[in-house]
Structures are given as structure tokens and as C-alpha cells.
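# Geometric and topological summary
Single-letter residue listing:
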Amino acid sequence: MRLTRPFRSDPGATSAFQALNLDAPAAPISRGSRPFRAVVIGGGTGAPMSIRTLLSLGISTSAVVAMADDGGSTGILREEADVTPPGDIRKCLVAFAKNPDDPLVKVFKYRFAVARDHALGNLVLAGLEDACGSFPEAIAICERLLEAQGHVYPSTLDHVELRARTRDGALLQGQAVACHSKTALERVALVGEGGVVRPYWPALEAIRNADLIVLGPGSLFTSIIPNLLVPGVVDAIRASRGSVLFVCSLADVQGETWGLTAREHFEALADHGMDGLVDFMLVHSPRPVRSQNPVEQSFRAAVLPGRFGSMVDAAAATVDDDGVRRVNFTYDDLQAIQARGPMVLERNLADAERPTWHNPQAMHQAFGDVISMIEARRRR
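Residues numbered from 1 in each chain as written. Predicted model: local features only at pLDDT ≥ 70, side-chain atom pairs only at ≥ 80, totals over all residues. Heavy atoms only, no water.

## Examining the packing of aromatic side chains
Filter applied, for reference: In summary, the pairing rule links any two rings of Phe, Tyr or Trp, Trp by its six-membered ring, whose centres are within 6.5 Å, and it sorts them by plane angle into stacked for under 30 degrees, edge-to-face for over 60 and tilted for everything else. Starting at the N terminus, helices and strands are each numbered in turn, a helix being any DSSP run of H or I of at least four residues and a strand any DSSP run of E of at least two. Partly exposed describes any residue whose relative accessible area lies between the buried limit of under 20% and the exposed limit of over 50%, with all areas from a 1.4 Å probe on protein chains only and scaled to the type maximum.
Under the definition given, this model contains one aromatic pair. Here the aromatic rings of Y153 and Y200 are separated by 6.5 Å at their centres, their planes lie at 45°, and the arrangement is tilted. Taken together, the positions of Y153 in strand β8 (residues 150-154) and Y200 in the loop between β11 (185-192) and α8 (201-208) put the pair 47 residues apart, joining distant regions of the chain. Neither Y153 nor Y200 differs from the other in exposure class; each is buried.

## Topic: the packing of helix α1 (residues 47-56) against helix α14 (residues 360-379)
Rules: Axis angles are defined between N-to-C directions and span 0 to 180 degrees, where every axis is a line fitted to C-alpha atoms and, for a helix, only to the segment in contact. Orientation labels follow simple angle bins: below 35 degrees gives roughly parallel, above 145 gives roughly antiparallel, 65 to 115 gives roughly perpendicular, and whatever is left gives oblique. By definition, any crossing whose near helix is turned counterclockwise from its far helix by less than a right angle is left-handed, and any crossing with a clockwise turn is right-handed. A contact between two residues is defined here by any heavy atoms of the two lying within 4.5 Å. Any residue outside Ala, Val, Leu, Ile, Met, Phe, Trp, Tyr, Cys, Pro, Asp, Glu, Lys and Arg is labelled polar, Gly included; the first ten of those are nonpolar and the last four are charged.
Where α1 contacts α14, the two axes come as close as 9 Å, and the packing angle between them is 65°. The angle between the axes of α1 and α14 places the two elements in the roughly perpendicular class. By crossing handedness, the relation of α1 to α14 is classed as right-handed. On the side of α1, the interface is formed by M49, S50, T53, L54 and S56, while α14 contributes M363, H364, F367 and I371. Of the residues contributing to the contact of α1 with α14, the split by class is five nonpolar, four polar and no charged.

## Quick word on helix α13 (residues 331-339)
Each α-helix winds once per 3.6 residues, and so residues spaced three or four apart point in a common direction. Of the positions making up α13, those classed as buried are Y331, D333, L334, A336 and I337. Residues of α13 that are buried in the fold lie against α11 (262-274), β14 (280-284) and β15 (343-347). Phi for G341, located one or two positions after α13, is positive at around 125°.

## Concerning the pairing of strand β12 (residues 212-215)
Basically, it comes down to this: Pairing between strands is defined by DSSP: at least two bridges between the two strands are required.
Residue alternation in β12 divides its side chains into two sets, L212 and V214 and I213 and L215, and both sets are buried. Two strands pair when backbone bridges link them, and strand β4 (residues 37-42) and β12 are joined in this way by four bridges, in the parallel orientation. Directly across from I41, in β12, lies its bridge partner L215. Sheet topology note: the β12/strand β13 (residues 243-247) ladder contains four bridges and is parallel. The partner of L212 across the bridge, within β13, is S243.

Dropping the structure here:
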């Protein structure tokens, strides 16, 4: 019997971001004789949102991607073909594609019910890795095929496994298991074959040379933090002269952060090496009130009059009227986070029709505001 839908496009929140126009991006920002450079650190669900947003702002962008994925099509390929995890790399490559309507870009996202629901892009990357004997060369070929407007770097080429400890003390093994934990995670670690995890040096170089380093959005413990656990990555962030932006998740959609507040998201990031290194934190709040933050007020008046949102001063409901469990954010959280260094920017970032997804236009404006503040600081 023939399947009714033998092919389907890989679903995801990033599809809306493909609509951001790369044919007419904002005027490029330069640093002397070179372009303003950004690097996105994350995984395959949230990182493409930041990639597409930065490209729409005319920013020279690259991505450093976690290599701990062991679920779905990627998990099957890892277990049965011993390949480097292709799934998150594929999603970022598609985000970098110049023309999302190109048939090759579309088919790269196709999943085949007739072939264990494998994504074609995953199979292409796995096959090219075998044919070339090099995963970076496989990525480079796909960048050319898709006319990628930036580069994608794995954070490590070693085969690694994610291990986690939950807040009630349970130990979990594997990224796919950890992200669907029934209790929020507390700590994660990377374990390499033979106990060794080595960084991919071009990824470190991209981080060191960045003017803006964006963490997220995405799964905190299973997409963002695994990159920071690769030796040398946090050191590269520290050595960079760029500013660091952490984009906090707007809603709980997986068990790994179930019930954690925005403050607890930041604290988890700090506990995994980023304490003192985050300059900006972008937080979603659906019900803003007037900001009490004098630093942001001064930037609003001097740099971006009328464009800034405001900070919340009361706890958001655990579950919104639309049934979405949003990441809680209060004015006390704001003060606690800013006491540790970052400037917190609050925005209504949710898509009105799909409230667990980010709104592309809201992200575009928020990222533009951050870049304007970075440039304003530089000129002082």
C-alpha cells in the first residue's frame, strides 16, 4: 500500500525566518576595512533563527554547532554508520541558504517516510563525509550547493556523548534522553571516546574574531551549553573582543528546562563557564511595563529614542491564557541578572499565531538594537 505522504518537509519554528529578505538586507556594518562579524553558538532548532536574523541585518555571520545530537535520523546514522552528527549542521546550512525557495534547499529538508524518516540533507552530509573522508569538507560542499551566505563549524569533530544530572539527582545518558527529562536539568557534561574531546580549531578562530557572539535561542542544556563544554570554546569567547548576547528561550517546550525562570537560565549558563562573559541578555515578556533600568533608559534616550521596550515588575503567569508555559521573568530576576553584568533587554518576542515560536520581525528589531548599542559603546 502506498503511503499517503511519502515525503514531508522537516517542520520547525525556523521556517518563518526564511521569509526574512536576504536580497535587500540592511546596509552592512563595518569595522574599518572589514565587515562586522557575528558568530552564533547553538544547535539546530534555535541557532537558525539567529542566523537568519543576522543575515537580514547585513551582518557577516558564521555558526558553531553542538555535536552531541543522538536522536531521530541523526541518532540512527550515528549508531548504524558511525558518522559525525549531521542534523544540526544541516539545519544551519539551510538557514544560511541564499534562496530558501530553491528546490535544492527545499529538498534538503525533506524527510522520507519510506526510509525511516531520514532527512535527505542528513544522508547527503553522511555520504559526503564517507566519500571525502572529512566532515568539514562535506560541509563545505553543501555550503556551495546551497549558496550558503556564511560558514557552519562543528564545535568538535570527536564523537561525543552528553550526560546530565537533573535537579532531583537523576543521571541521564544521551542528548535525546536529557532533553526530554521529566525534571529540569542541573548540570551536563561531554564525554568523548577515550575520554578525549578536542575542539575544531576553525570554530575557535571564528569565535575569537567575532564582534558579536550570540548564544541561542534554543535548548539550553542540550544545544547551547554542549558547545561551551568543548575545551577552548569558553577561552575563545573570553579572548574575543566581541560582545556576547544570550537569547533566552521564551517558553518551556522540553523537559530539560521545565519550570526554570529566566534568571535560572542565566545562572545555568554562568555555572557552565559563562559567568562574567555575557554582555546582553534578551528576554521575552508578553506584558511589559515601564523600565526601571537607568542604563537602558540612557541608551534609549541617546541612541534609540522610542524603540526600546520595558522591563516587567511582576511575575508572569506560569501558564498563559493560550496554554503556553512561558519562561517566568520578574523585575527581581532583572535586578539579579544585571547585578552579575549583563544588560537585560525585554521584548515581546512570541509569534502571535504560534506562541512557542519567535517572531522574525521582533527578533530583527531586537538584534538591531543590540548592534546599535554595541556600536554606540564603541564610539564613546
